[in-house]
Amino acid sequence: MHKTISFKMRYLLGGLLIILACIKSDFTVAQNTNVTNINVNELSDDQITKIVDEISKRGLSDQEAIAIARMRGASSSQISQMMERIQEARLQMSSGTSDTQFAKSNDSLELKQNLDLSVKEEIQPNNLDETFGYSLFNSKNLTFEPSINLPTPKDYTMGIGDVVVITVWGASQATYQLPVATDGAINIPDIGSVKIYGQTFEAVSNKIKARLVNIYSGMSGEHPNTFAEVSLGALRSIKINVVGEVNLPGTYTVPATASAYNALYLSGGPNEHGSFRNIQVIRDGKCVQIIDVYNFLLNGDIDDNINLKENDIIYVSSYINKVRLSGSFKRTGLYETLPESTLSEVIKLAGGFKENAFHKNITIIRKTSSELKVCDVAENDFDSFVLQNGDEITSGELLDRFENRVTVNGSVYRPGSYQLIDGMMLSDLINKAEGVTQDVYLNRAIITRLNEDGTYKNISFSLKDVLDQKWDIALQREDFVTIRSIYDMKEEEYIAIEGFVNQPGQFTYASDLTLVDAIFIAGGFLNDADINEIEISRRLSFDEGQQYTNQLGHIYTFDVNRDLKLSRAAEDFKILPFDVINVRKAPGIREGGTVKLDGEIMQAGSYSLDNRQERISDLIKRAGGLTPLAFTQGAMLQREIKLSEQEKHQREMMIEKDSLVGLTMEPYEQVGIRLDKILARPGGPDDLLLAAGDKIFIPRQMGTVKISGNVMNPISMTYKAGKRAKFFIKQAGGFDARPKRNSVYVVSANGISETTHTYLFFKRYPKVEPGSEIMVPQKPESTMGVGQWVAIGSAISGLAISITSLANILKN
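Residues numbered from 1 in each chain as written. Predicted model: local features only at pLDDT ≥ 70, side-chain atom pairs only at ≥ 80, totals over all residues. Heavy atoms only, no water.

Colleague: Any chance you could explain the pairing of strand β10 (residues 313–318) here in plain terms?
Modeller: As a general feature of sheets, a regular strand has side chains that alternate between the two faces. Pairing analysis gives four bridges linking strand β6 (residues 237–244) to β10, with the strands arranged parallel. Each residue of the ladder has a partner; that of asparagine 241, found in β10, is isoleucine 313. (Pairing = 2+ DSSP bridges. Helix = DSSP H or I, 4+ residues; strand = E, 2+ residues; numbered from the N terminus.)

Have a look at this one:
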């Protein structure tokens with residue numbers, strides 16, 4: 001358990017031991033290092049600087065630091081040397097000339113690492129299964145450090161080494177600092193020796209004041225003009241011994257005001273075999289106090305924490321009994337018990353039971369001389385059952401069940417669980433629940449009853465008979481009564497209103513509802529509603545649905561004016577549950593919209609459609625006709641695409657996967673038209689009907705032809721009337737490598753394409769118009785290797801040989 005310290009580290013830690021041994025609580029170091037052998041002059045400037053910083057950080061005065069050092073056994077010369085070094089360091093730090101303030105030498109780093117070590121970490125148990133009370137003397141937050149800043153107690157016993165301070169003020173002034181010599185006396189100038197050893201501080205104070213009257217006459221009489229005060233300048237240190245089953249047994253130097261708990265904390269408290277309930281303070285060979293730590297832990301009682309005296313011995317014996325508590329106790333774990341401790345006493349040590357604990361009886365596993373034994377202790381026997389060493393006490397939890405509960409649920413005013421009392425009947429439970437509600441279903445209710453074997457059985461009854469006092473039944477534990485509402489016993493009734501109303505949707509059905517009532521509930525008609533034929537769809541009745549027919553339902557139609565008035569016959573028609581009312585759009589209502597004309601047109605711009613039969617030629621006429629430079633063969637029509645949400649989603653997916661070449665999310669598609677034919681024959685098959693959103697563009701006359709694709713010199717050139725595509729391909733240098741001659745096609749200026757045609761072995765290339773583009777595709781590269789061609793050649797050769805052989809056979 002003891003921590004060993006090298007010769008080098010003893011001097012490295014020596015400076016802090018003098019001032020800070022108590023502060024850091026490094027008790028093992030304090031115990032194993034002889035402070036009197038430390039040479040303060042050998043401490044480095046960096047170590048002195050760290051001491052100054054630590055004193056400042058702790059908020060200590062120089063006098064308090066000196067008192068702590070003296071308590072640790074430092075001599076007066078060591079303290080004097082240390083204070084000189086500290087004052088020098090402070091002067092250097094204040095003047096800014098110290099070059100060691102932030103030094104990080106190997107020694108200072110090693111010092112920090114060792115100071116961070118705590119003996120408390122060494123004496124922690126090897127596992128978490130520690131005895132209750134163990135952490136008390138091994139906590140960094142509870143130190144039991146003896147205070148040196150309290151007034152001297154009146155019953156403090158004077159000893160050798162104490163310094164008595166006498167202060168005289170008034171007509172005469174003087175101050176004396178008188179140490180108690182080895183003969184037990186102090187020597188007061190002009191008075192002589194005064195014996196004070198072994199006397200209380202209060203008696204010594206009175207005794208000194210009485211002797212001072214001999215030289216200060218002003219202190220006597222009814223009106224004194226001289227006064228005196230007696231105090232202690234510094235507390236002496238005493239040596240005490242902590243032995244037995246403790247973590248760090250040994251001799252400790254402590255202030256004369258230290259108590260037994262201070263010494264126990266210095267030694268780390270009882271170890272895993274030590275007793276917390278039988279700690280003896282031995283003085284002059286006699287036990288003067290027995291300490292039970294559990295009194296402090298459980299009751300805050302420290303009456304047994306007596307002050308120590310020189311050479312006191314604190315003896316920690318081995319424990320006699322330990323028991324383990326587990327289960328539903330507030331604090332579980334190991335507890336030390338006295339020889340006659342009962343079960344109720346140890347339950348009190350554990351803080352009692354948890355709120356969900358089963359404490360009708362407790363199970364105890366006891367270790368006998370040869371085997372284990374189970375003891376069941378009833379609650380009435382807790383006070384008399386005496387525990388033994390090694391007992392394991394277990395408390396279970398309450399069962400998730402009720403011993404006197406009955407429940408009613410459903411159409412009563414206060415559903416819930418109620419106490420079952422002797423002789424309680426079903427009618428009594430209904431009365432406790434404030435009776436049934438107005439919408440209660442009277443024909444039937446159910447009691448679900450728990451059988452002895454854990455199964456359930458059903459008891460049905462007429463609730464009307466119970467309310468009329470014609471039938472009743474006695475209730476049992478965990479009976480569950482279910483009472484229904486009339487609305488629970490049928491499908492939820494609603495009506496639906498769809499179409500051109502302000503608030504379409506489903507609405508709760510109410511009796512005596514008419515068609516205009518339903519329209520009113522839906523917020524009335526929209527402007528485009530057809531009020532002349534409102535349709536009501538009604539499902540088949542229950543009786544009609546019992547036979548199979550082709551009939552699916554009933555359809556009724558009515559007309560309603562804008563003021564929500566019906567004819568007499570329609571007023572008498574009542575809406576039934578699940579009726580669906582459809583208000584359609586008026587047949588004459590259609591969206592007009594606009595079309596846009598652009599390009600070589602006399603009056604380009606947007607035009608509203610006012611006629612469903614309006615065609616392209618009509619719109620050209622409305623726009624004042626074409627300009628002289630209009631190129632009718634190149635006119636193009638773009639038509640708006642109206643996609644559903646599902647179609648938009650599908651198109652997005654195809655675009656992401658590149659599954660459709662040329663597919664875009666543009667809202668328009670190109671329609672190929674021949675404006676020259678349309679104007680030549682208005683109203684003919686080429687003269688398309690216009691649609692809202694159409695865009696027509698008429699370009700200027702074009703005199704060029706573009707040749708693209710697999711040609712030697714892709715180029716645009718002047719249009720030659722009457723020439724076909726092959727002529728222009730030759731003008732572009734002819735075909736390049738691997739052309740697909742059969743797939744040459746021409747795209748006209750209006751977007752219409754024409755491909756090459758083959759008649760027998762002759763190719764007929766398309767005609768070309770101004771503004772056209774000739775496209776020559778390229779054959780894909782062959783993926784066949786040399787081996788594949790060799791294999792094909794071998795197969796052809798073999799086939800030729802076979803044919804030759806067959807011909808010879810037939811010839812012969």
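Colleague: Even after reading the chapter, I still don't get the nonpolar core, so can you show me in this structure?
Modeller: One recurring pattern in soluble globular proteins is that nonpolar side chains are buried together. Counting 71 residues, the largest nonpolar core has Val164, Leu343, Val346 and Ile393 as its most contacted members. With six residues, helix α9 (residues 260–266) is the single largest residue contributor to this core. Apart from the residues within four sequence positions on either side, isoleucine 393 is in contact with Val323, Arg324, Leu325, Ser326, Phe329, Leu343, Val346, Ile362, Thr363, Ile364 and Leu387. (Core = buried A, V, L, I, M, F, W, Y, C linked by side-chain atoms within 4.5 Å. Buried < 20%, exposed > 50% of the residue type's maximum accessible area, 1.4 Å probe, protein only. Contact = heavy atoms within 4.5 Å.)

Colleague: Would you explain the sheet that holds strand β14 (residues 372–378) in this entry?
Modeller: Strand pairing in a sheet is mediated by backbone hydrogen bonds. Such pairs are either parallel or antiparallel. The strand order across the open sheet built from five strands is β12-β11-β15-β13-β14, with neighbouring strands paired in mixed fashion. Two strands bound the open sheet, and with one partner strand each, they are β12 (333–337) and β14. Direction aside, neighbouring strands of the sheet carry axes that sit 25 degrees apart on average. Relative to strand β15 (residues 392–395), strand β11 (residues 321–327) is paired through four bridges, and the arrangement is parallel. In the strand pairing of β15, serine 326 is matched with threonine 394. (Axes fitted to C-alpha atoms, helices over the stretch in contact; angles between N-to-C directions.)

Colleague: Can you walk me through the sheet that holds strand β19 (residues 456–461) in this structure?
Modeller: Strand order in the open sheet formed by five strands is β17-β16-β20-β18-β19, with mixed pairing between adjacent strands. Two strands close off the open sheet at either side, each with one partner strand: β17 (416–419) and β19. The mean inter-strand angle of the sheet, taken between neighbouring strand axes irrespective of direction, is 20 degrees. Of the strand pairs in this sheet, strand β16 (residues 405–410) and strand β20 (residues 480–483) are connected by four bridges, and their pairing is parallel. Residue pairing across strands places threonine 407 opposite phenylalanine 480, the latter belonging to β20.

Colleague: How should I be thinking about helix α8 (residues 201–212) in this particular structure?
Modeller: Spacing of three or four residues puts side chains on the same side of an α-helix, whose turn is 3.6 residues. Compared with an ideal rise of 1.5 Å per residue, which puts 12 residues at 16 Å, α8 spans 16 Å between its outermost C-alpha atoms and is within 8% of the ideal. Here α8 has its buried residues at Phe201, Val204, Ser205, Ile208 and Leu212. End-on, the buried residues of α8 take up no more than an arc of 100 degrees, which puts them together on one face. Those residues of α8 that are buried lie in contact with β1 (163–170), β3 (185–188) and β5 (226–234). (Expected span 1.5 Å × (residues − 1). Arc of directions from axis to C-beta.)

Colleague: Looking at this structure, I do not really get the environment of glutamate 669. What am I missing?
Modeller: Inspection of the secondary structure assignment puts glutamate 669 in strand β29 (residues 668–672). A residue is classified by how much of its surface remains accessible, and glutamate 669, at 42% relative accessible area, is partly exposed. When the C-alpha positions of glutamate 669 and arginine 639 are compared, they lie 5.4 Å apart, and in sequence the two are 30 residues distant. Look past the residues within four positions of glutamate 669 in its chain and what remains in contact with it is Leu637, Gln638, Arg639 and Ile641.

Colleague: Sorry if this is basic, but what is going on with a nonpolar patch on the surface here?
Modeller: Together, Val243, Ile313 and Tyr315 give the surface a local cluster of nonpolar side chains, amounting to about 200 Å² of exposed area. With respect to the element layout, valine 243 can be found in strand β6. (Patch = residues over 30% accessible without salt bridge, like charges linked within 9 Å, V, L, I, M, F, W, Y side chains within 5 Å. Areas by Shrake-Rupley, 256 points an atom, 1.4 Å probe, with all protein chains shown as cover. Salt bridge = Lys/Arg side-chain N within 4 Å of Asp/Glu carboxyl O.)

Colleague: What exactly am I supposed to notice about the side chain of threonine 342 here?
Modeller: Its location among the elements puts threonine 342 in the loop between β12 and α11 (343–349). In terms of polar contacts, threonine 342 uses its side chain to reach the side chain of serine 344, at 3.1 Å. Those residues in contact with threonine 342, other than ones at most four positions away along the chain, are Phe382, Asp383, Phe385, Val386 and Leu387. (Polar contact = N/O pair within 3.5 Å; in protein donor to acceptor, adjacent residues only side chain to side chain.)

Colleague: What exactly am I supposed to notice about the packing of aromatic side chains here?
Modeller: One pair of aromatic rings is described through two measures. These are the centre distance and the angle between the planes. Within this structure, the stated rule accounts for 12 aromatic pairs. Judged by centre distance (5.3 Å) and plane angle (70 degrees), the ring pair of phenylalanine 132 and tyrosine 294 falls under edge-to-face. A residue pair is termed long-range when its members are at least 10 positions apart, and phenylalanine 132 in the loop between α7 (119–122) and β1 and tyrosine 294 in helix α10 (residues 293–299) qualify at 162 residues. An identical accessibility class is assigned to phenylalanine 132 and tyrosine 294; each is buried. Taking 6.5 Å as the distance between ring centres and 25 degrees as the angle between the ring planes, the aromatic pair formed by phenylalanine 276 and tyrosine 294 counts as stacked. Residue phenylalanine 276 is located in strand β8 (residues 274–283), and its partner tyrosine 294 is located in helix α10; the two are separated by 18 residues in the primary sequence. Tyrosine 294 carries the same exposure label as phenylalanine 276, and that label is buried. One aromatic cluster is present, built from ring pairs that chain together Phe132, Phe276, Tyr294 and Tyr335. (Phe/Tyr/Trp six-rings, centres within 6.5 Å; stacked < 30°, edge-to-face > 60°.)

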